[in-house]
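Residue-level structural notes
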Amino acid sequence: MRYAEFPPPPELGAYVHCLWVFEGQDADEPQRIVPDGRAELILHWRTPYLEQTEAGWTPQPQALFAGQLTQPLHLLAREPAGVVGVRFRTAGAPAYLQSHANPFTDRRMAVTEAPDLRAAESEAERLRLAAAYVVSRLQPRLHDPHMQAAADEIRTSEGRIALDDLAARVGLSPRALQRRFLEATGVPPRTLASIVRFRRVFEALQAPGVANWTACAQAAGYFDHPQMAKDFRRFLGCTPSEFLAAQQGLATHLADANVQAGSTARS
């Protein structure tokens, strides 16, 4: 399994956070996707992920736009996957979408005009094609740099900045800020603040001295464990312990796969 991130080309710097690639196969258990406050363009060049829907496990389109995530999303790769992703900056998607971002929140939409990466002969070529496609669609007049600045303030403050203070920093009333922020990012400012705080949980899990969920919650900025557990149910549809058990199961699967690969290489 391999995951790598790459900086965007200069012409995409105002709109794109990074480009990324993934190759590999998940464990037999579905993977819960943690929201990060950014929309993405997803281009499969191998077998697309399966996504859990009301109709059951459904293959994703070969190319899709994934809006902001605020609800549980489960994906599964039963066959080797190959993906190139374009992760937009928090307010960067409208220039690509040529529309507001909020209609796409918690939705995955097929993209029919995207390049087909299956014929590309190298990773560099796949990345180049993905970036060139996004550049070709950009409508810079639809980019709202003030809302990107507001999103950056929320991230810098780790989700703690008050709405009135945020509005004052970008020169808007709180009501105007909320309307424009929703259109530019797909979520209200308070929702992004909740996502930013929730992401800190996974950083806290790696920090020294964090020995239990209560310490993890406090390190991430939560009042207590139940408050953090509420966000686990909101964003991932599970308890903290259920999420950790699934991640440990994936780690065991990968370790076993590496052992088997090593044995095959030596035999």
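Here's what I pulled together on the structure shown here. (Residues numbered from 1 in each chain as written. Predicted model: local features only at pLDDT ≥ 70, side-chain atom pairs only at ≥ 80, totals over all residues. Heavy atoms only, no water.)

Once that is clear, we can look at the state of the cysteines. Overall, the coordinates contain 0 disulfides when judged by the stated rule. With no disulfide of its own, Cys238 lies closest to Cys216 among cysteine sulfurs, the gap being 13 Å. In this structure Cys238 comes out as buried when scored by relative accessible area, which is 2%. (Disulfide = S-S within 2.5 Å. Buried < 20%, exposed > 50% of the residue type's maximum accessible area, 1.4 Å probe, protein only.)

Within the fold, Glu40 resides in strand β4 (residues 40-44). In contact with Glu40, not counting residues within four places along its chain, are Trp20, Leu64, Phe65, Ala66, Val86, Arg87 and Phe88. (Helix = DSSP H or I, 4+ residues; strand = E, 2+ residues; numbered from the N terminus. Contact = heavy atoms within 4.5 Å.)

Before going further, it helps to spend a moment on the pattern of salt bridges. As enumerated under the stated definition, the model contains 18 salt bridges in all. As a salt-bridge pair, Arg87 and Glu40 come within 2.6 Å of each other at their nearest N and O atoms. With Arg87 in strand β9 (residues 81-88) and Glu40 in strand β4, the pair connects residues that are 47 residues apart, well separated along the chain. Here Arg87 and Glu40 have matching classes, each one buried. Linking Arg200 and Glu158 is a salt bridge whose minimum nitrogen-to-oxygen distance equals 3.5 Å. Of this pair, Arg200 sits in helix α6 (residues 189-204) while Glu158 sits in the loop between α3 (145-156) and α4 (163-169), and the two are 42 residues apart along the sequence. Arg200 gets classed as buried once you look at its relative accessible area, which sits at 12%. One network of salt bridges, with partners in common, ties together Arg2, Glu23, Arg46 and Glu123. (Salt bridge = Lys/Arg side-chain N within 4 Å of Asp/Glu carboxyl O.)

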